[in-house]
Amino acid sequence: MLIYYILFLFVVVCMISGNEKTYPNKNLKVLFLFVYCITAFRSFSIGTDTKGYIEEYISGDYFLRSVDQGFSYLNLCLKELGLSPRLYLMLVSLIIILPVFTFISRYLKEGKSFAVLLYLTIGNFTFNLAGMRQSIAVAILLAGLVLYDKIERVLPKYIVIASSIYLAFSFHYTAGVCVLILPLLWFSRRTFPIDNKLAKIFLMVLPIVIMVSTKYVANVVNYFMITKYEHYETSFGDSNVVSYIIIPYCMYLYTLFLFYRSNSSDWKKNFCFYCSIVHMCVAACTLYIPMLARFEYYFSMPLMCLIANLTMELPLSKRKIFVFAISLVCMAFFLISTPGGTLKIDNYSFF
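Residues numbered from 1 in each chain as written. Predicted model: local features only at pLDDT ≥ 70, side-chain atom pairs only at ≥ 80, totals over all residues. Heavy atoms only, no water.

Focus on the packing of aromatic side chains
Working step 1: Within this structure, the stated rule accounts for 26 aromatic pairs.
Working step 2: Here the aromatic rings of tyrosine 254 and phenylalanine 322 are separated by 5.8 Å at their centres, their planes lie at 40 degrees, and the arrangement is tilted. Residue tyrosine 254 is located in helix 14 (residues 241–261), and its partner phenylalanine 322 is located in helix 17 (residues 316–337); the two are separated by 68 residues in the primary sequence.
Working step 3: On the basis of relative accessibility, which here comes to 16%, the residue tyrosine 254 falls in the buried class.
Working step 4: Judged by centre distance (6.0 Å) and plane angle (50 degrees), the ring pair of phenylalanine 273 and tyrosine 274 falls under tilted. Pair check on accessibility: phenylalanine 273 and tyrosine 274 agree, each one buried.
Working step 5: Through a chain of ring-to-ring contacts, three or more aromatic side chains come together here, namely Tyr4, Phe8, Phe32, Tyr36, Phe101, Tyr119, Phe125, Phe334, Tyr348 and Phe350.
Working step 6: Above the face of the tyrosine 57 ring, lysine 79 is positioned so that its terminal group lies 5.0 Å from the ring centre.
Working step 7: Here the guanidinium or amino end of lysine 268 rests over the ring plane of tyrosine 107, the centre of that ring lying 5.4 Å away. (Phe/Tyr/Trp six-rings, centres within 6.5 Å; stacked < 30°, edge-to-face > 60°. Helix = DSSP H or I, 4+ residues; strand = E, 2+ residues; numbered from the N terminus. Buried < 20%, exposed > 50% of the residue type's maximum accessible area, 1.4 Å probe, protein only. Lys NZ or Arg CZ within 6 Å of the ring centre and 35° of its normal.)

As structure tokens, then:
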């Protein structure tokens, strides 16, 4: 766990340094290098599935996959290049980590180091060390969202994002839920009457309504589930109410409260806000179907960026208090929940 203490200390130093306001991208590049090294040069025993994926790459068992053919072809190409297992993990880690930091850089003007801290503690970082295929799928989606922002013409924008969703789906079956990204992007550029009192009440109680009715959602999930992923239901075990429900709902209420108090609004902020709604709705379903927690990963980074963005808009005195309190709680959650966790990243060691 020592490496994580050092990492958090490093992030906090970046957050309070003068460079965070004058040269935010400089700090972001340094943090990227630190996080990438931790991911790329970890022992093969770090992460629940890391060793299995390395063995699959060495043996060539990826040819046996009936789904997730994108991952099979990636392994085939890298195998043809003659990459060693270490170089393979280094390249895959780059594919996973680079889009995360590029997304933060593109979708945030301030609070980038703060967003990195959220990503490391309550975001996807722990899963990135364990679940290779789905982490690649999430990275492909984030890369598509970055390209969507860079392209000016409307039709190519949607072609790129639709292609990224399809490619992500070829790496992990759960990426099918990303089709929701298309209407969310469309809604984010339009004005809807969601700022009235009735809409606020509806959004506050929506997760509760979903939690009550999730047993009906189970039939839909079971219909689309393929045999290969049925073991996820048993491997996830009982629902962790704190991680799956309470923490996401607290984040949701925080963003909901600040979003309506925000002085500025653009399509990126709207998009991240809509992603936070989907994230919470999925989290609510995990009370009955814990396996659905996997779907949250696709909407996690927009939520982290939204929290950072809205927090940075607060007056300076309140901003410092909220950043300090949130950072402290998030780091405490990580350091308490990680030891002995199912993802097996606590006993970190380099290769």
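Considerations on helix 10 (residues 154–171)
Working step 1: With 18 residues, helix 10 ought to run about 26 Å at 1.5 Å a step, and its terminal C-alpha atoms sit 26 Å apart, in line with that.
Working step 2: Within helix 10 the residues assigned to the buried category are Lys157, Ile161, Ser164, Ile165, Ala168, Ser170 and Phe171.
Working step 3: Looking at the buried residues of helix 10, the elements they touch are helix 5 (69–80), helix 9 (132–150) and helix 11 (181–188). (Expected span 1.5 Å × (residues − 1). Contact = heavy atoms within 4.5 Å.)

Quick word on the nonpolar core
Working step 1: With 116 residues, the main nonpolar core has Phe101, Leu145, Ile181 and Phe271 as its most contacted residues.
Working step 2: At 14 residues, the largest contribution of residues to this core is made by helix 15 (residues 267–285).
Working step 3: Not counting the four nearest positions on each side in its chain, phenylalanine 101 is found in contact with Leu28, Leu31, Phe32, Val35, Val116 and Tyr119. (Core = buried A, V, L, I, M, F, W, Y, C linked by side-chain atoms within 4.5 Å.)

Points about the side chain of asparagine 128
Working step 1: Looking at the element boundaries, asparagine 128 is found in helix 8 (residues 125–128).
Working step 2: Look past the residues within four positions of asparagine 128 in its chain and what remains in contact with it is Arg42, Ile96, Ile97, Tyr119 and Ser135.

Some words on the environment of asparagine 128
Working step 1: Take asparagine 128: its relative accessible area is 5%, and that puts it in the buried class.
Working step 2: Remark: the alpha-carbon pair of asparagine 128 and isoleucine 96, spanning 32 residues in sequence, is separated by 7.3 Å.
Working step 3: In terms of polar contacts, asparagine 128 uses its side chain to reach the side chain of tyrosine 119, at 2.7 Å.
Working step 4: Polar side-chain contacts of asparagine 128 include one of 2.9 Å to the side chain of serine 135. (Polar contact = N/O pair within 3.5 Å; in protein donor to acceptor, adjacent residues only side chain to side chain.)

A few points about the side chain of serine 170
Working step 1: Turning to its location among the elements, serine 170 is positioned in helix 10.
Working step 2: Residue serine 170 is classed as buried on the basis of its relative accessible area of 17%.
Working step 3: A distance of 2.5 Å separates a polar atom in the side chain of serine 170 from the backbone oxygen of leucine 167.
Working step 4: The contact partners of serine 170, leaving out residues within four places of it in the chain, are Asp68, Gln69, Gly70 and Phe71.

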